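# What the coordinates show
These are the residues of each chain, in order.
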Amino acid sequence: MQERTSVSDIWTRYEDGETLTMLTAYDAPIAAQVDAGGVDMILVGDSAADNHLGHDDTLPLTMEEALSNTAAVDRAVDDAMVVGDMPFLSYGASMEESVENAGRFMKEAGADAVKLETAPHGETTIEIIDRLTELGIPTMGHIGFTPQRMHQIGGPYIQGRGQTTSAAADELVETAERLEEAGVFTIVLETVTEEVGRRVTEAVDVPTIGIGAGRYVDGQVLVITDMLGLGGEAFKLSKQYADLDSEIESAVESYVDEVKGGEFPAEENTYDPLPEGPDED
Ligand code: KIV
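Read on for a plain summary of the structure.

Definitions and limits used
Residues numbered from 1 in each chain as written. Predicted model: local features only at pLDDT ≥ 70, side-chain atom pairs only at ≥ 80, totals over all residues. Heavy atoms only, no water. Helix = DSSP H or I, 4+ residues; strand = E, 2+ residues; numbered from the N terminus. Buried < 20%, exposed > 50% of the residue type's maximum accessible area, 1.4 Å probe, protein only. Contact = heavy atoms within 4.5 Å. Axes fitted to C-alpha atoms, helices over the stretch in contact; angles between N-to-C directions. Parallel < 35°, antiparallel > 145°, perpendicular 65-115°, else oblique. Left-handed = near helix turned anticlockwise from the far one by under 90°. Nonpolar A, V, L, I, M, F, W, Y, C, P; charged D, E, K, R; others polar. Near = heavy atom within 4 Å. Polar contact = N/O pair within 3.5 Å; in protein donor to acceptor, adjacent residues only side chain to side chain. Areas by Shrake-Rupley, 256 points an atom, 1.4 Å probe, with all protein chains shown as cover. Salt bridge = Lys/Arg side-chain N within 4 Å of Asp/Glu carboxyl O.

### Here we look at the side chain of serine 98
- As for its position among the elements, serine 98 is in helix H5 (residues 95–107).
- Using a relative accessible area of 1% as the deciding quantity, one classes serine 98 as buried.
- Filtering out sequence-adjacent residues up to four positions away, serine 98 remains in contact with Met86, Ser90, Tyr91, Gly92, Ile128 and Leu132.

### Description of the packing of helix H4 (residues 63–76) against H5
- The interhelical angle for the contact between H4 and H5, taken along N-to-C directions, is 25°, at an axis separation of 9 Å. Between H4 and H5, the angle falls in the class roughly parallel. Between H4 and H5 the crossing geometry is right-handed. Contact with H4, carried on its side by Met63, Glu64, Ala66, Leu67 and Thr70, involves Asn101, Arg104 and Phe105 of H5 and no other residues of that element.
- Residues of the contact of H4 with H5, tallied by class, amount to four nonpolar, two polar and two charged.

### Here's the deal with unusual backbone geometry
- The residue after phenylalanine 264, namely proline 265, is reached through a cis peptide bond having omega -5°.
- Position of proline 265 among the secondary structure elements: in the segment after helix H11 (244–260).
- For leucine 89, which is not glycine, the phi torsion reads 65° and is therefore positive.
- In this structure, leucine 89 sits in the loop between strand E3 (81–85) and H5.
- In this structure, threonine 191 is a non-glycine residue whose phi angle is positive, near 50°.

### Section: the packing of helix H2 (residues 28–36) against H4
- Between H2 and H4, the least distance of the axes is 8 Å, while the angle of their chain directions is 45°. Compared by their axis directions, H2 and H4 come out oblique. As H2 packs across H4, the resulting crossing turns out to be right-handed. In this structure, H2 uses Ala28, Ala31, Ala32 and Asp35 to contact H4, whose residues at the interface are Ala72, Val73 and Ala76.
- For the contact of H2 with H4, the class distribution of residues is six nonpolar, no polar and one charged.

### Some remarks on the site of the ligand
- Every residue lining the ligand is accounted for by Thr24, Leu43, Gly45, Asp46, Ser47, Asp85, Lys115, His142, Val188, Glu190, Ile211 and Val223.
- Between serine 47 and the ligand, the recorded distance is 2.5 Å, taken from a side-chain N or O atom to an oxygen atom.
- A distance of 3.0 Å separates an oxygen atom of the ligand from a polar atom in the side chain of lysine 115.
- Relative to its unbound accessible surface of 260 Å², the ligand loses 96% to contact with the protein.
- Here the shell around the ligand is built from residues that sort into four nonpolar, four polar and four charged.

### Comments concerning the pattern of salt bridges
- One pass over the full model with this rule turns up twelve salt bridges.
- In this structure, the salt-bridge partner of glutamate 64 is arginine 104, at a minimum N-O distance of 3.1 Å. One end of the pair, glutamate 64, is in helix H4; the other, arginine 104, is in helix H5, and 40 residues separate them in sequence.
- On the accessibility criterion, glutamate 64 (48% relative accessible area) is partly exposed.

Structure representation (structure tokens):
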């Protein structure tokens, strides 16, 4: 069996000064293409809730949905590390439940690592991460704008803006340092000013993976639907590398026109009766 990217591979690439890449994926066909494209890590994000399942935010995603998405991605990926994103309240209520749920990502869904969002000075989550890493579950931290806390934060606001020397920016640096102590192998840094991204990156010796965190971080992550132009909005923090909405709409229009116009199916799409032998494709 082919070995996928491991924590030590990520560390080697980081120490060699390589900028790390991560994209989200929620199903097998997209994950296969993301893997073939050469990313280091694939995050089976809880952003599946709003980007794949039609919810307004990430909160409704269930453990069973997250595990099913992760297992689909696991089946399609040969090279990249597969990171399962723990859904809202699948961790935090108790240590036992948190450990059990994190373990399910690895034992049942084939994830290579898990990711947990952490509030500023979020000691409960930091203790859980400490336990997970002690038990051998590679864990990715996630600080800055943490969408699972959106209702508490009040919206997708830029964290640390205009406050580079402020308590908010200091809190993010301190939280990153605590996550490093707890044993995370990478930290996602979401929607912070470029200065905060730089400060956190300088403060810790684990790779920081930015989304809307500017240029001075160790790697980048984007949500796949945003970067492919697939039902997504155009966000300032993202970049659209394709326009799949238009591609899909025009393919569907062609199909409808051809079926209604009698062009599809054509003779080459039909089956002749065969006396024997395997079915044609
Ligand atoms: O779920 C997700 O897509 C994420 C990324 C924004 C990092 O957590």
